[in-house]
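Listed below, chain by chain, are the residues.
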Amino acid sequence: MVDDILYLENISVEFSGFKALNRVNFFMNKGELHFLIGPNGAGKTTLLDVICGKTKSTGGRMFFQGKKDLMSLRPQHIARLGISRKFQAPSIFSELTVFENLELSVNENKSFFRSLVKEADSEEKNKIEEIMEKVNLKDESNTRGGDLSHGKKQWLELGMTIIRDPKLLLVDEPVAGMTGKERDLTGQLLQDIAQNSSVLVVEHDMQFVEQFAHSVTILHEGAILCQGDFNTVSKDPTVIDVYLGRGGGDLHA
Ligand SMILES: Nc1ncnc2c1ncn2[C@@H]1O[C@H](COP(=O)(O)OP(=O)(O)OP(=O)(O)O)[C@@H](O)[C@H]1O
């Protein structure tokens, strides 16, 4: 368990008697870019909701960095430990520039209104420059968030999330609606982020998963079907059954 960033044991969630997650065991190593995949309704979003404290498991155990017990913590406490979530729809400020959006996020300890009135200091400005470079928005510093393409909005929000140096980043379908080039750059960006943080991504795009995943977990009907590298899980007969059975075809795109 030494290298575990996240360790979940017997996690279960019920919605009015329906088992969305049923005794799920899941772990992730530090520095991993890990993909969570599975058919619609498999429980992927529910699992991310449990990790960030939005939804509570009816039992089991959940540890962060080997020792911090997440089970009884509220979402804001879990976020303060360094677990950040990036949702599928970008939630940037359309009227603010790329730089200003990042400026608002650079110091999470400042209140929202204090962030609005106080300019970033030189250390914070350097950090913003570094993040703009990382998320391919160096030349868009003065562009309004609302004027960015869909892909660039996603990168800006990723930048607003990683500027706080999360230890674990949870990401919902980051490449939905992106062009091929944007997908590739996003994959490289996620790999880059995983060098300093650990990243757990929910994704349906199998070509993207095959190209960038360090490891993959397959959820099916609220339970883990298998976990391993892409090649191993894509050859697993039960996985092939699930995907072929659902009309989803081979895992290989
Ligand atoms: N708040 C809720 N109340 C009732 N049922 C819910 C609730 N949230 C999720 N569910 C059900 O739990 C199951 C798992 O949902 P979840 O959104 O976690 O699946 P998913 O794998 O993320 O699916 P998708 O890939 O379609 O987003 C689904 O059958 C869903 O309808």
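Residues numbered from 1 in each chain as written. Predicted model: local features only at pLDDT ≥ 70, side-chain atom pairs only at ≥ 80, totals over all residues. Heavy atoms only, no water.

As recorded by an unreviewed UniProt entry, the protein carries the name Urea ABC transporter ATP-binding protein UrtD and is attributed to Candidatus Haliotispira prima.

### Quick notes on the sheet that holds strand β8 (residues 198–202)
Strand order in this open sheet of six strands is β6-β7-β8-β3-β9-β10, and the pairing throughout is mixed. Only two strands of the sheet have a single neighbouring strand rather than two, namely β6 (83–86) and β10 (223–228). Averaged over all adjacent pairs, the angle separating strand axes in this sheet is 20 degrees, with direction ignored. Alignment of strand β9 (residues 215–220) against β10, held across five bridges, turns out to be antiparallel. Considered in β10, the bridge of H220 is made with A223. Contacts from helix α7 (residues 180–193) reach β3 (33–37), β7 (168–172) and β8, with the element oriented near 145 degrees to β8. (Pairing = 2+ DSSP bridges. Helix = DSSP H or I, 4+ residues; strand = E, 2+ residues; numbered from the N terminus. Axes fitted to C-alpha atoms, helices over the stretch in contact; angles between N-to-C directions. Contact = heavy atoms within 4.5 Å.)

### Some thoughts on the site of the ligand
By nearness alone, every residue bordering the ligand is listed as F15, F18, A20, P39, N40, G41, A42, G43, K44, T45, T46 and H204. K44 is positioned with one of its side-chain polar atoms (N or O) 2.7 Å from an oxygen atom of the ligand. The contact in question runs from an oxygen atom of the ligand to an N or O atom on the side chain of H204, over 2.9 Å. Coverage of the ligand by the protein chains reaches 58% of its 640 Å² of free accessible surface. Going through the elements one at a time, β2 (18–29) and α1 (44–51) are the ones with two or more residues in the shell around the ligand. Class assignment of the residues belonging to the shell around the ligand gives a composition of five nonpolar, six polar and one charged. (Near = heavy atom within 4 Å. Polar contact = N/O pair within 3.5 Å; in protein donor to acceptor, adjacent residues only side chain to side chain. Areas by Shrake-Rupley, 256 points an atom, 1.4 Å probe, with all protein chains shown as cover. Nonpolar A, V, L, I, M, F, W, Y, C, P; charged D, E, K, R; others polar.)

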